[in-house]
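Here is how the chains run, residue by residue.
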Amino acid sequence: MWNTKHRSCRYSRGGLWGLFILLLYTNRLSCSSNFSHRIYKIKEGLPEGTLIGAIGADLNLDLSVDPPRSFNLEQKTTGQQFVNLNNTTGKLYTSAVEIDRESLCAESHDGQGCSIFLDVLILPQQYFQLVKIQIVIEDVNDNTPHFPVNEIRLTVPENAPVNARFAVEQSAVDPDVGIHGVQTYWLVNDFGVFTLDVEENEGGELTPFLIITEALDRERKAEYVTEIIAEDGGSPPLLGTAALRIIVTDVNDNCPKFTESQVNVTLYGNATKGMQLARLQAYDPDEGGNAQITYAFSDRVSLESRSLFHLDKTTGVLKLAGKIDNNTGKLYKLNVLANGPTCIPEVATVTVRVIKELSGPPVVVPRYIASEKDGVVSLSESEPAFSPIAFFTIKNTDPRQSVECLLERTGPFRLVPYERLKNEYLLETTEPLDYEQQQDYEMTIVVRTFHGLTVKTVVKVHVLDVNDNAPVFKQSLVEVSVEENNPPNTFLAQFQAADADSDSRGEVYYVLGVDAPTIFHLDRSTGVLTVSTSLDREEKELYRFTVRAVDRGAPRKESIATVIITVLDRNDNSPRFINKDFTFFVPENFPGFGEIGVLTVTDADAGKNGWVALSIINGSDIFVIDTGRGALRAKTPLDREQQGTYYIWIEAVDGGEPALSCVTMVTVLLLDVNDNPPTVLFPQSNQSYMLVLPSTLPGTSITEVYAVDRDTGMNAVIAYSIVKRTDGEPGSFDIDPFTGNITLKKTLSNRGLYSLWVKVRDHGQPELYSTVLVNLFVNETVSNETLIQSLLPRGADIDREEIPPVKEGREGERVPIQCSEYQALLLSLTATCLGLFLTVVSLVTYICCKKVRKPKKKRLDVEIPLKLNHEMLDKNPMEISHI
C-alpha cells in the first residue's frame, strides 16, 4: 500500500544499499555505473494502456544488442500498481487501476504537487543501470464544490449599517486544486438588500462575506432564504449549492401602538360592579423584552374616575369598580397610556357614556325631505326610484333592547334603517310613481318595542302630475276614399287623440304635418279634416301626409298619425288618340288582313272608365280594326289602279257610364307596285302597214309606236327597242327608245315589205314588257293591195313565229343602249322622280292645311263623307289609215 506518512513512493535505505552491495560482489561494478532520473507528467483518470513514457528511447539505449536489455520494476514499490512496464522496449503504460489524484495525495498541499516514484532496473549485469522515475499527476476538474452543510444559517441584526460585512463560515470545499478549486461565490436572490463578496486569506482559502446594501427592518421581514452558489474555475465550471437562511434579529426600534385610539363605551345606570367595559389593545412589532407593554391611566384622569373604573396594567382590561348613579346620565373620558421600554407612552381615549333607565312608549319624530304641508307629502311622478321622502327617528327607547320599525304600505314604498345612525329609518320609493295610475297613497309606520308597546304614525303622499304622456291617436293610420270632382270643403275624416295627463297638460289640439298639401284644412279643436278644392284623380291619385296631436304641457309632447287619401275615378275624360289623324302608306296588293298600322289611343281615367274600344264608322266592308290593340287591317288585297286613297273614320269609346268617345280620320295611301305591263295603243294591230316611198330621205320620221302603262313612277316609264327585223335591208330603220318614233336611217334601194318587231318595256321591278309588229311597205304606190295582204304575216304565223331574244338573252332585261341613250334615259328618270316627290309634298301640304282649317268641334259632330268612287280614264287609241 501507499505509505500515508510520506508524500512520495521510494525504497527504504536498507533495501537499496543491500542491492548495491549484491551487485558489487557479483558483477564487479566499476565507478562508472550509470544512474539516471526521468520525470513524466500525466493527468489523473487516464484509461488503461495510456503511454506514460519510453525509457529506452529517452535514454538513447541500443535495444538491438545481444544479449538484449531487460527493463524491470522494483517489486517492493507500491506505485507499480498504477503502471505496466514493457520489459523489452522499456515503455511505461497506465494500468487498470485508475489514478485519482485526490485519493493518492490526500494529505499533500496545493503547492507540493502529487507524484508517483518508481525504480527501474536495466539488466543483464553488463548493461546494468538504475533509472529513477518520477510521474507527476496533474489535476483535472472532476470534483464539484460542496458545502459542509445543506443549510447555512447567518444571523444579522436589524440595525446593521449599510455595507456591514458578515462572514459565511461554512465555505465550500473542492478537492481539486489550482484553477479547478473554488474561485467565486454568488447569491441566487439578493432581495435587493444583500450582495456577496469573496476574500482570500494568506493560505489561499476563499471566504464569502454577506454585505448589507439596504437598511433592514425585522418588523417588515424577519427572515430571508436564498441559495448560495460556489463556482470553480473549470471549463465548464462546476457549481455547488447550499441554502442560505439570513435571520434578522430584533432590536428595540418600535414603540407600542393602540389598535383603537378612540374607544366608546355605553354604560347603563343599573350596571353591576366588576362588569368589563372594554379591553384596550396595543402592539409592539419588536420581540421578547423589547415588545413588553404595560397599561396605566394618565395623570389627567380624576380621582373619581380612578375610583369608579379599574384598568389592568398587563391585559389592558377596563372594568367598573364602583356604583353608577341610575338617575343621572354622565359622560366620562379616560386617557389610557401604553408604555414600552425606552418609549414615549402611546395614548388612547375611552369615552364612557352612562345612560339612565327609561320608561314609557317610544316616540316617532319625522323629518321630511320632500315637500310637506299639513301632514301630506307631495312628490312628483318624475322622481326616480329610491327617491327619499322622510327620516323617522325613534326616541325614548332602551338601547339594550331591540325596537321593531316597519311599514304597513300600499304602494311602491319601503322603510329601511339608515346605515349611519341607530334608530334612524328612511322612507323612500321603490319605483317611479305614476300619476295616471294613482294620485294618493296613505301608509302607516309601526314602532313596536320589546315589551309590546306599539306606536303608529300615518304618512300621506300625494303624487304631482307632470307632462309625461303624449297624446295618443285613436287611429294612427287613417285611410279615406273620395271621388274626384268633389265640391269644395268636402269632409274627409275626423281625428281623435287622448292625453292621460291632467289639466292643460291633457288638452289636445291638431295641426297638419309639414308634408301636407295646402289644399287640405284641419280644424285645430275638433280634428275635422276637409279639402278646400275639387280633386282630380288624373292629376294626383294618392295623397299621404301626417297629422300631429299636440298637448299644452311644458314641454309639449305630440304624436303623429298618418292619413292616406285615395281619389276615386269618375268618367270625366274622353279617349284621346295620340294623333288627331293618321296617315299610313301601304303597297298595293298588300295581303289580306295584314297589319296596315296601329292607332294608339289613351284614356286618363282608370279601371272601367279607362277601357277603350275601337270601331270603324265607314268602310267596314273593306277594313277591320282590332278593338284592343288598335291594329288596322284590310280584308282583301288593295289595287292602286282601282283606288289609290282611302279615308276611314275610327271611333274610340270608353267603358264609363255614360260612355265618352272621340273620332279620328285615317288616310290609307296605296303605293304603286309594278303589276301592269305597257299597253300598245298604236299600231292597233300586227296586220296593219304603212306605205313608205323609196325617195324618202334618211332621218325622216316614218311613224311611231305609242304605248301607255297604268302604273306610276318608274313603273310607268316606257322604253322602246327593235328586237327583230324581217325582209328589206338591215339597219334601214331605227326607233327612238323614249318616244317610240321610227325614222329612216339610210336610203331605201329595195322595194317590198319591211317588218320590225318592237319591244315596249317599263322600268319597274320586276320589268314587264309587250311586243308589237310594225309593217312598212316600201313602194311608190299601193297598186296591189291583195299582194300586200298576202305578204303580211297571219295571226297564226305570228303566234308560231318566235321573237328573237334580246342581246342579253333573257326576257324582261333591257337591250343595250348607246351612251347617248343612257344620258337621255337618266334625264327621264330624274324628271319622273322629281314629279313624284312634288306630288307627295303637295299631298302632305293639303292634309296639313285641311287639319288647320278644321273647326274645333267634338268629333262626334264631324260630317262623315261617303265612300269615293274613282274611275280610270282610258286614252283613245290612235286611228290608223290604210292606204
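Preceding this paragraph is the structure being described.
Owing to the predicted nature of the structure, the values given are computational and were not obtained by experimental measurement.

(A) Quick look at the packing of aromatic side chains. Following the criterion strictly, the structure yields 15 aromatic pairs and no others. Taking 6.2 Å as the distance between ring centres and 15 degrees as the angle between the ring planes, the aromatic pair formed by F582 and F584 counts as stacked. Of the residues examined, F584 reaches a relative accessible area of 13% and is grouped as buried. Measuring from ring centre to ring centre gives 5.6 Å for F733 and Y754, while their planes differ by 75 degrees; the resulting arrangement is edge-to-face. Here F733 is found in strand β56 (residues 733-735), whereas its partner Y754 is found in strand β58 (residues 752-762), with 21 residues between them in sequence. Looking at F733, the relative accessible area reads 1%, which means it is buried. On the basis of relative accessible area, Y754 is assigned to the buried category, the value being 2%. Stacked on the ring of Y127, the Lys or Arg R69 has its end atom at 4.5 Å from the ring centre. The ring of F209 carries the charged tip of R165 above its face, separated from the ring centre by 5.2 Å.

(B) Local environment of the side chain of T664. Checked against the element boundaries, T664 lands in strand β50 (residues 661-671). At 2.5 Å, the side chain of T664 and the backbone oxygen of K580 are in polar contact.

(C) How the structure looks around the sheet that holds strand β14 (residues 239-249). In space, the 4 strands of this open sheet follow the order β8-β14-β13-β10, with mixed pairing throughout. Looking at the sheet topology across the chains shown, the edges are occupied by β8 (151-157) and β10 (182-187). Each adjacent strand pair in this sheet contributes to an overall mean axis angle of 30 degrees, direction not counted. Relative to strand β13 (residues 223-232), β10 runs antiparallel, the two sharing 5 bridges. In the strand pairing of β13, Y185 is matched with A230.

(D) Local environment of the environment of G764. By secondary structure assignment, the location of G764 is in the loop between β58 and β59 (769-778). C-alpha of G764 to C-alpha of M714: the two residues are 50 residues apart in sequence and 5.8 Å apart in space.

(E) Region of interest: the state of the cysteines. With the rule as written, the count across this model stands at 1 disulfide. Sulfur-sulfur distance for the disulfide between C105 and C114 comes to 1.6 Å. What sets the handedness of the C105 and C114 disulfide is the S-S torsion sign, and at about 70 degrees it is right-handed.

(F) Structural view of the pairing of strand β39 (residues 528-531). The pairing of strand β35 (residues 490-494) with β39 spans 4 bridges and is antiparallel. From the neighbouring strand, F491 faces β39, where its bridge partner is T530. With 3 bridges connecting them, strand β38 (residues 520-522) and β39 associate as antiparallel partners. When the bridges of β39 are listed, F520 appears paired with V531. Here β38 hands over to β39 after 5 residues, with G527 in that stretch at a positive phi of 75 degrees.

So, how was this worked out
Counting restarts for each chain: residues are numbered from 1 in the order of the written sequence. This being a predicted model, a pLDDT of at least 70 is required before a residue's local features are given, and a value of 80 or more before pairs of side-chain atoms are given or counted; all residues contribute to the totals for chains, interfaces and linings. Heavy atoms from the whole structure form the basis of all side-chain values; hydrogens and water molecules are not counted. Aromatic contacts are taken between Phe, Tyr and Trp rings whose centres are within 6.5 Å, Trp giving its six-membered ring; a plane angle under 30 degrees counts as stacked, one over 60 as edge-to-face, and the others as tilted. Burial here depends on accessible area, computed with a 1.4 Å probe over protein chains only, as a share of the maximum for the residue type. Under 20% is buried, over 50% is exposed, and the range in between is partly exposed. Runs of E in the DSSP output that reach at least two residues are strands. Runs of H or I that reach at least four are helices, and both are numbered from the N terminus. Two thresholds decide whether a charge sits over a ring: the Lys NZ or Arg CZ must be within 6 Å of the ring centre and within 35 degrees of the ring normal. Counting of polar contacts relies on pairs of N or O atoms within 3.5 Å, with two restrictions inside protein: one atom must be capable of donating a hydrogen and the other of accepting it, and residues adjacent in sequence are counted only when both atoms are side-chain atoms. Paired strands, as defined in this entry, are two strands with at least two bridges between them according to DSSP. Helix axes use the C-alpha atoms of the stretch in contact, all axes being lines fitted to C-alpha atoms, and the angles between their N-to-C directions lie in the range 0 to 180 degrees. Cysteine sulfur atoms are paired as a disulfide whenever they come within 2.5 Å of each other.

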